[in-house]
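Breakdown of the fold
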Number of protein chains: 2
Amino acid sequence: MDKYISQAVIRRMPRYYRYLGELLESGVERISSGDLSKLMKVTASQIRQDLNNFGGFGQQGYGYNVQYLYEEIGKILGLTQTHNIIIVGAGNLGLAIANYMKFDKLGFKLVALFDVNPELIGQKIRGVEIRPIEELDDFCKNNAVDIAALTLPKADADSVAHQVVKLGVKAIWNFAHVDLDVATEGVVIENVHLSDSLMQLSYNIAKNSIED
Amino acid sequence: MDKYISQAVIRRMPRYYRYLGELLESGVERISSGDLSKLMKVTASQIRQDLNNFGGFGQQGYGYNVQYLYEEIGKILGLTQTHNIIIVGAGNLGLAIANYMKFDKLGFKLVALFDVNPELIGQKIRGVEIRPIEELDDFCKNNAVDIAALTLPKADADSVAHQVVKLGVKAIWNFAHVDLDVATEGVVIENVHLSDSLMQLSYNIAKNSIED
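A few points on the structure. Fair warning: this is a prediction, and the values are worked out from it, not measured in the lab. (Residues numbered from 1 in each chain as written. Chains lettered and ligands numbered in written order. Predicted model: local features only at pLDDT ≥ 70, side-chain atom pairs only at ≥ 80, totals over all residues. Heavy atoms only, no water.)

1. Section: the interface of chain B and chain A
Counting residues at the interface gives 59 residues for chain B and 59 residues for chain A. Counting each side, the surface lost to burial between chain B and chain A is near 5,600 Å², with a carbon and sulfur contribution of 62%. The tally of links between chain B and chain A comes to eight salt bridges. Put simply, Asp-179 of chain B and Arg-15 of chain A hold a salt bridge, and the shortest N to O gap is 2.6 Å. At the boundary of chain B with chain A, the tally comes to 22 residue pairs in polar contact (both at pLDDT 80 or more). When residues of the side of chain B that touches chain A are traced back to their parent elements, those giving at least two are helix 1 (7-25), strand 4 (83-88), helix 5 (92-98), helix 6 (102-105), strand 9 (171-174), strand 10 (188-191) and helix 9 (194-211) of chain B. Looking at the side of chain B that touches chain A, the element that brings in the most residues is helix 9 of chain B, giving 15 residues. Tallied by class, the residues present in the side of chain B that touches chain A amount to 33 nonpolar, 14 polar and twelve charged. (Contact = heavy atoms within 4.5 Å. Buried area = accessible area lost by both parts, 1.4 Å probe. Salt bridge = Lys/Arg side-chain N within 4 Å of Asp/Glu carboxyl O. Polar contact = N/O pair within 3.5 Å; in protein donor to acceptor, adjacent residues only side chain to side chain. Helix = DSSP H or I, 4+ residues; strand = E, 2+ residues; numbered from the N terminus. Nonpolar A, V, L, I, M, F, W, Y, C, P; charged D, E, K, R; others polar.)

This is the structure we're talking about:
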């Protein structure tokens, strides 16, 4: 991929992948951009433009081959390789993520959880052990860890982020309510800021009530 | 607000609110767009443009009054009024959200949780009861519920979404891995699709490794 693809397009790819996966499960073998457009509630021209970024995949008068498109988007999204993931912070949010089975299907393999709470240490979530945070260094040195999900308090997030980056983690999936200061080190950061999302929702409620 | 403001600008507002809140807590009374730019790692011109959408707030040579700007953005985001929120699905993710104290500070008041699991019914989370899903109708009729957070399996999300919309809920905070089909009914939908976020992260790992 030597062509620049905007993050806006990339952000839409997982949604395509999700819909195509559902079509596959329903036994649909091909779909026109028009039908995909109705299903996904985006314009057919948007779909054509988005998919053209990756070389198209569609054939005039035939539509898209669902299986092929699903696999190609999977490749683009890097889902053809397995990613080892650790979760730092085994509170409710960490456990929610650990229990989210879907991740397995997408090639994300949970290899360890870490926490500071002695009561949690040694418990297993889907067969994966919760370890003391003191073992984080050794574990990362002895295991190939690709992704660290940070589901811990804001005050601890930045130091743990720096720690896992030093240990060679390629990406951080950050749930802490803070923008991590490690982006310059060539590490991928993906933020899930729940309260930002809730504020967005609040704005749209206020806007709706003005328009009423 | 009679002017059209793009969702892209709105999406950045919670982040301003977050940074301004932290500045306030640190006792900072005013800040130039240049300093805010360095702190937030966006260009000063972006900041000026964004805030100009709402009338500016800045004064040449003085900078922004942090308290004033914080309050004005809070008003824009609808955070000056209290929103009653229910959580449907009291699994780990539902509990994680219920325990997220920060929401109180932003004016979101948790009034009930609902679940189908008899073992959970009657338990209290931060003083708020988990109720059987059968009580959802009555509860919503007898209490002003503004927002329903859906932290339940994909298969049930759409029917519960339609149910709460009929009951007058203004907004849905959707964590189920599905695009809800209720947007046309004038209800605000805010999605948190965790696996979309993880796929985005996977894409960026793949892209980084190609660039290396």
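There is more to say, and it comes next.
2. Focus on the sheet that holds strand 8 (residues 147-150) of chain B
Residues and elements named next belong to chain B. Spatial ordering of the open sheet is given by 6-7-5-4-8-9-10, a layout of seven strands whose pairing is mixed. Either end of the sheet is taken by a strand with one partner, and the two such strands are strand 6 (124-125) and strand 10. The strands that helix 8 (residues 154-166) touches are strand 4, strand 8 and strand 9; relative to strand 8, the one it contacts most, it runs at about 170°. (Pairing = 2+ DSSP bridges. Axes fitted to C-alpha atoms, helices over the stretch in contact; angles between N-to-C directions.)

3. Quick look at the nonpolar core
Residues Ile-73, Leu-113 and Trp-173 of chain A together with Ile-73, Leu-113 and Trp-173 of chain B are the most contacted members of the largest nonpolar core, which totals 104 residues. Contact partners of Ile-73 of chain B, with chain neighbours within four places excluded, come to Met-13, Tyr-16, Tyr-17, Leu-20 and Leu-51 of chain B. Counting residues in hydrophobic clusters, the runner-up holds 26 residues, among them Ala-112, Val-160, Ala-161 and Val-164 of chain B. (Core = buried A, V, L, I, M, F, W, Y, C linked by side-chain atoms within 4.5 Å. Buried < 20%, exposed > 50% of the residue type's maximum accessible area, 1.4 Å probe, protein only.)

4. Points about the pattern of salt bridges
Under the counting rule described, the total for this entry stands at 26 salt bridges over all chains. Residue Asp-35 of chain B pairs with Lys-38 of chain B through a salt bridge whose shortest N-O separation is 3.8 Å. Within this pair, Asp-35 of chain B and its partner Lys-38 of chain B are both found in helix 2 (residues 33-40), separated by three residues, close to a single helical turn. Lys-38 of chain B sits in the exposed class, given a relative accessible area of 66%. Here Asp-137 of chain B ties to Lys-141 of chain B by a salt bridge, and the two come within 4.0 Å at their closest N and O atoms. Taken together, the positions of Asp-137 of chain B and Lys-141 of chain B, both in helix 7 (residues 136-142) and four residues apart, correspond to about one turn of that helix. Look at Lys-141 of chain B and you get exposed, because its relative accessible area is 59%. Sharing partners across several salt bridges, the network here consists of Arg-15 and Arg-18 of chain A together with Asp-179 and Asp-196 of chain B.

5. Re the packing of aromatic side chains
In this structure the tally under the stated criterion is ten aromatic pairs over all chains. Geometrically, the ring pair formed by Phe-103 of chain B and Trp-173 of chain B is edge-to-face, given 5.5 Å between the ring centres and 70° between the ring planes. Residue Phe-103 of chain B is located in helix 6, and its partner Trp-173 of chain B is located in strand 9; the two are separated by 70 residues in the primary sequence. Of the two residues, Phe-103 of chain B and Trp-173 of chain B, both sit in the buried class. Three or more aromatic residues link up through ring pairs in this structure, and these residues are Tyr-100, Phe-103, Trp-173 and Phe-175 of chain A. (Phe/Tyr/Trp six-rings, centres within 6.5 Å; stacked < 30°, edge-to-face > 60°.)

6. Looking at the sheet that holds strand 3 (residues 83-88) of chain A
Residues and elements named next belong to chain A. Taken in spatial order, the seven strands make up an open sheet running 5-6-4-3-7-8-9, and their pairing is mixed. Edge positions in the sheet fall to strand 5 (124-125) and strand 9 (188-191), since each of these pairs with one other strand and no more. When strand 8 (residues 171-174) meets strand 9, the two strands line up parallel, connected through four bridges. Within the sheet, the bridge partner assigned to Ala-171 lies in strand 9 and is Val-188.

7. A few points about the packing of helix 1 of chain B against helix 2 of chain B
Residue and element names in this part refer to chain B. Put simply, helix 1 and helix 2 touch, their axes get as near as 11 Å, and they point 105° apart. Overall, the two elements helix 1 and helix 2 adopt an arrangement that is roughly perpendicular. Of the residues in helix 2, those in contact with Arg-15, Tyr-16, Tyr-19 and Leu-23 of helix 1 are Leu-36, Leu-39 and Met-40. The residue makeup of the contact of helix 1 with helix 2, split by class, is six nonpolar, no polar and one charged. (Parallel < 35°, antiparallel > 145°, perpendicular 65-115°, else oblique.)

8. Brief notes about the packing of helix 1 of chain B against helix 4 (residues 66-76) of chain B
Geometrically, a packed helix pair is captured by the angle between its two axes and the distance between the axes. Residue and element names in this part refer to chain B. Taken N-terminus to C-terminus, the directions of helix 1 and helix 4 make an angle of 145°; their axes are 9 Å apart at the nearest point. Regarding helix 1 and helix 4, the two cross each other, and that crossing is left-handed. Across from Met-13, Tyr-16, Tyr-17, Leu-20, Gly-21, Leu-23 and Leu-24 in helix 1, the residues of helix 4 making contact are Val-66, Gln-67, Leu-69, Tyr-70, Ile-73 and Gly-74. Of the residues in the contact of helix 1 with helix 4, the class split is ten nonpolar, three polar and no charged. (Left-handed = near helix turned anticlockwise from the far one by under 90°.)

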